[in-house]
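Tertiary structure, described
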Amino acid sequence: MSSTLDLYAPFSGPIVPLDQVPDPVFAGLMMGDGLALEPLSGTLLAPCDGVITQLARSRHALTLTAANGAEVLIHIGIDTVKLDGAGFVARVGEGDRVRRGQPLIDVDLDAVAGKVPSLQTMLVIANSEQFSIPRRAQGLAQAGQSHFLTLAAGEAISLRQSAGGPERQGEATVRHEGGLHARPAAQVQNAARAFQSKIEIEFNGQRANARSVVALMGLGVAEGDVVGVLAQGEDAEAALAAVRQALETHTAAGHAPTAAVAQAVVAPLADGQLGGVCAAPGLAVGQVVRLDAFEMELVENAAAGCDEMARLTDALSQVRDDIEAAIADALRRGMTAESDIYAAHLALLDDPELLADAGAAIARGKAAGFAFRQAIRAQCGILAGLGSQLLAERVSDLKDIERQTLQALYGADCAAPQLFAESILVADDLAPSQLTRLPREKVAGILTAAGGASGHVAILARALGIPALVACGPAALQLEHGRQLVLDASRGCCNPQPDSAELARAREQISAKFQRLQQMLANAQSEAVTVDGARIDVAANIASEQDARDGVAHGADGVGLLRTEFLFIDRHDAPTADEQAQAYQAVLDALDGRNAIIRTLDIGGDKEVPYLQLPQEPNPALGLRGVRTSFAYPDMLDAQLRALLSVKPLSRLRVLVPMIADVGELIRLRQRMDELAAEMGVVERPQLGVMIEVPSAALLADQLARHADFLSIGTNDLTQYTLAMDRCNATLAASIDSMHPGLLRLIAIAAEGASKHGKWVGVCGAMASDPQAVPALLGLGVTELSVSPRLVPEIKNLVRSLNLAQCREEARKLLTLSSAREIRGRVGEVWPAA
């Protein structure tokens, strides 16, 4: 039997890389690896010989098992399970043996297209961990004639199901809309993979391996059906609970939106300059430090008697420990962007295809390092050739994993490079672990031949404030070590041969900016008082104790918003009241006597909080979130309120409640806080505020202010709700402007309503850090601005240049204008420096 299997196009139409389909389950390879296409022909053809082992009741999907054991799943369209078979006619049944090119399903493309988000059809290998895909087609496919992809057999490294051990069984009612179709089956599979036990699902006298998406779909389980769950092994009890939860978690059949990637614009270049994409803005002068990855010479074949698989496993374990330590260190320093990148690297270590390819090469007699590099480079080639810039930018992450693993295997020298006082790091692409281990004070800039604006190094560079120019092409690798250059990342260019005049100009600009920042920072601890004597508090938006310390260092008058979500997400159980109390107390202690506004949990169906079983919603922004979620989970709300009431001293605490829509919700929460305080014997109460982010709350501000101690305007959500524009929709980004006259009028109404009861109003959204918005906000009656810690000095400096009386007079005029463009134009005329 041939070691490879060629699959042919099931439809005619343009081929689409799987990562680009508008469904996160398929795009994320949760169902398996493969390809997709846009169908232009109306009959699904068999891609190879095999047996139909599963046919969906709605006829929108089937599984064909080939002679080599490959489970070929073909899923026609997105959300087609909702059509309940309308528009689909099956020509075959389960158990039928078919030949390549044989008609399988007729599809009324016109009828189906008008009822679902997409007709894109996915062909995936459900058991792809057992195979590699050395060839994938591109371009336009002809049904039954064009090669689609090639499968090659591999030996996967996978978790074995444990034999024997305790047995546990139970029942679960399937709550997934449409039953156990593709995506819900993948969720059950993911839950089962976390355990060693053998786990099976039983329905109508049939059993299926919970780790097999194909087998689960083959049971024909509908929404509301009761299934049996059987687990056997040392962790059977926990496995049973996790799989039951995955079965009983309600999900809609809808698909999640895919993220858009912004495209950078490169400025026109002068002769001799290098052009690229601005990954992090700024200007830098420095000397080139070449960081080209060291290409270690590797022995191809394993030595006699050497257990290469064990060596690779040990090395991967060491790298995993190192990455986990780096994650913990980043979190301690409050560097969430850095920790997220390391978490992505951790996931790459466990990639089944990488491990399967390396394991297969070792089985053929290759040495561990050679086998792992070969597997990494094969994946790099695939990612680079998929046509997705976002995935191509993950190549550097894979190479970083390769470098770390080889160092663990062979003890390669990983000493940091020698840096100049002002270093411009130059490489084909920079590994995140290389950047984070270098002394920040010596890194002036970054220039790479490859990479992109959404790569992990770009994210880190922005977080660290390092100018970075990426995707400069091969010419970047011609820059010799030690050469002095001027890097203008903001303009997308670099001059590798600056003359003395340009060097002087660049240094003067850098020095002037630095001096301005230093002057602002030196004055940051002073109050922000307007020219005519009005004090404005400038506080910090934070998410951790380290952020609080950073805010104090930058002159924050307090904390204007502590987001408590960081305690609740990325974990398997809710934080206890004691755990929360310790975190809140640590923030208050870090503020050196300043006040802190702590917002109660603002979370909804768009966040991954497995222990809450939040429903997936077609529009999470309008669903269960903020105080609504807190009321839906009263025990969790009580735990958070108890933790907040435990903070000392309560006189420095303000509690902020998100997503309040009317006064009844505020009264309900205050009453519950009073009840818990009485139970705890707490006499003092913290101030209680309302977050104004729903238009109804702004309109009812006078009613809310009667019962609240303060109001804080969340302009991010208030803007999207007022303008009916999703702030996460990239196509609407240019139209979403908080300076819209409708929003300014709502802010004016809120401020006026608060003033009737002598209550103060703050702004904690992005608008507070917009220099053009600050004069308008002060003029409308805002007396507190809360911004990111590093922006505090700049906003304080701006406030000190303003005359409050003038701000009030001009704000009244701004409310008569008809567009955000007009308003910004007027602000620019009155306050040119803003």
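Here's what I pulled together on the structure shown here. Note that this is a predicted model, so its numbers are computed, not measured.

How each quantity is defined
- Residues numbered from 1 in each chain as written.
- Predicted model: local features only at pLDDT ≥ 70, side-chain atom pairs only at ≥ 80, totals over all residues.
- Heavy atoms only, no water.
- Helix = DSSP H or I, 4+ residues; strand = E, 2+ residues; numbered from the N terminus.
- Buried < 20%, exposed > 50% of the residue type's maximum accessible area, 1.4 Å probe, protein only.
- Contact = heavy atoms within 4.5 Å.
- Areas by Shrake-Rupley, 256 points an atom, 1.4 Å probe, with all protein chains shown as cover.
- Pairing = 2+ DSSP bridges.
- Axes fitted to C-alpha atoms, helices over the stretch in contact; angles between N-to-C directions.
- Core = buried A, V, L, I, M, F, W, Y, C linked by side-chain atoms within 4.5 Å.
- Phe/Tyr/Trp six-rings, centres within 6.5 Å; stacked < 30°, edge-to-face > 60°.
- Lys NZ or Arg CZ within 6 Å of the ring centre and 35° of its normal.
- Arc of directions from axis to C-beta.
- Disulfide = S-S within 2.5 Å.
- Polar contact = N/O pair within 3.5 Å; in protein donor to acceptor, adjacent residues only side chain to side chain.

Thoughts on the overall build of the chain
Counting secondary structure elements, the chain contains 27 helices and 35 strands. Residues classed as buried in the chain amount to 52% of the 834 residues present. In the chain, the share of contacts with a sequence separation of at least 24, taken over all contacts with a separation of at least 6, comes to 71%. For the chain, the exposed surface amounts to about 35,600 Å²; the carbon and sulfur share of it is 50%.

Brief notes about the sheet that holds strand 12 (residues 131–136)
If you walk across this open sheet you meet the 3 strands as 1-14-12, and the pairing is antiparallel. Here the strands that pair on one side only, and so sit at the sheet edges, are strand 1 (4–8) and strand 12. Within the sheet, the average angular offset between the axes of one strand and its neighbour, ignoring direction, is 25°. Summarising the sheet, strand 12 and strand 14 (residues 147–153) pair through 4 bridges and their orientation is antiparallel.

Observations regarding the nonpolar core
Counting 94 residues, the largest nonpolar core has Tyr584, Met739 and Leu785 as its most contacted members. Here the element with the most residues in this core is helix 23 (residues 741–755); it accounts for 7 residues. In terms of nonpolar packing, the next biggest core, distinct from the first, is built from 39 residues, Phe11, Val72, Leu83 and Val112 among them.

Structural notes on the sheet that holds strand 26 (residues 493–495)
With respect to topology, 8 strands assemble into an open sheet ordered 19-26-25-21-22-23-24-20, the strand pairing being mixed. Of all strands in the sheet, those with a lone pairing partner are strand 19 (274–275) and strand 20 (277–280), marking the two edges. Alignment of strand 20 against strand 24 (residues 468–470), held across 3 bridges, turns out to be antiparallel. Following the sheet pairing, Cys278 is matched in strand 24 by Leu469. Here helix 14 (residues 500–522) sits on the sheet and contacts strand 21 (283–290), strand 25 (484–488) and strand 26; the angle it forms with strand 21, its principal contact strand, is near 115°.

Some thoughts on the packing of aromatic side chains
The full count for this structure, using the stated rule, is 1 aromatic pair. The ring of Tyr8 carries the charged tip of Arg100 above its face, separated from the ring centre by 3.8 Å. We note Arg668 situated over the ring of Phe631; from NZ or CZ to the ring centre the distance is 3.8 Å.

Notes on the environment of Ser132
Secondary-structure assignment places Ser132 in strand 12. You can call Ser132 buried: its relative accessible area is 18%. Counting along the chain gives 20 residues from Ser132 to Ala152, while the straight-line C-alpha distance between them is 5.2 Å.

What about helix 27 (residues 820–830)?
Since one α-helical turn is 3.6 residues long, residues separated by three or four positions face the same way. All of the buried residues along helix 27 are Ala820, Ile823, Val827 and Val830. The buried residues of helix 27 occupy an angular sector of 95° when the element is viewed end-on, so they sit on one face. For helix 27, the exposed residues set more than 90 degrees away from the buried face come down to Arg821 and Glu829. Elements in contact with the buried residues of helix 27: helix 23 and helix 26 (804–814).

Details of the environment of Leu485
In this structure, Leu485 sits in strand 25. Take Leu485: its relative accessible area is 0%, and that puts it in the buried class. Note: C-alpha distance between Leu485 and Ala284 (201 residues apart in sequence) is 8.4 Å. Look past the residues within four positions of Leu485 in its chain and what remains in contact with it is Ala284, Val285, Gly286, Val288, Ile424, Leu479, Cys494, Asn495, Pro496 and Pro498.

Quick word on the state of the cysteines
Per the stated rule, a full pass over the model turns up 0 disulfides. Summary of cysteine pairing: Cys494 is not part of a disulfide, and the nearest cysteine sulfur, belonging to Cys472, is at 7.1 Å.

Thoughts on the side chain of Ser41
By the secondary structure assignment, Ser41 is in the loop between strand 3 (33–37) and strand 4 (43–45). There is a polar contact of 2.9 Å between the side chain of Ser41 and the backbone nitrogen of Ser12. Leaving out residues up to four positions away in the same chain, Ser41 has contacts with Phe11, Ser12, Leu109 and Ala143.

Remember, this is a structural readout, not a statement about activity or role.
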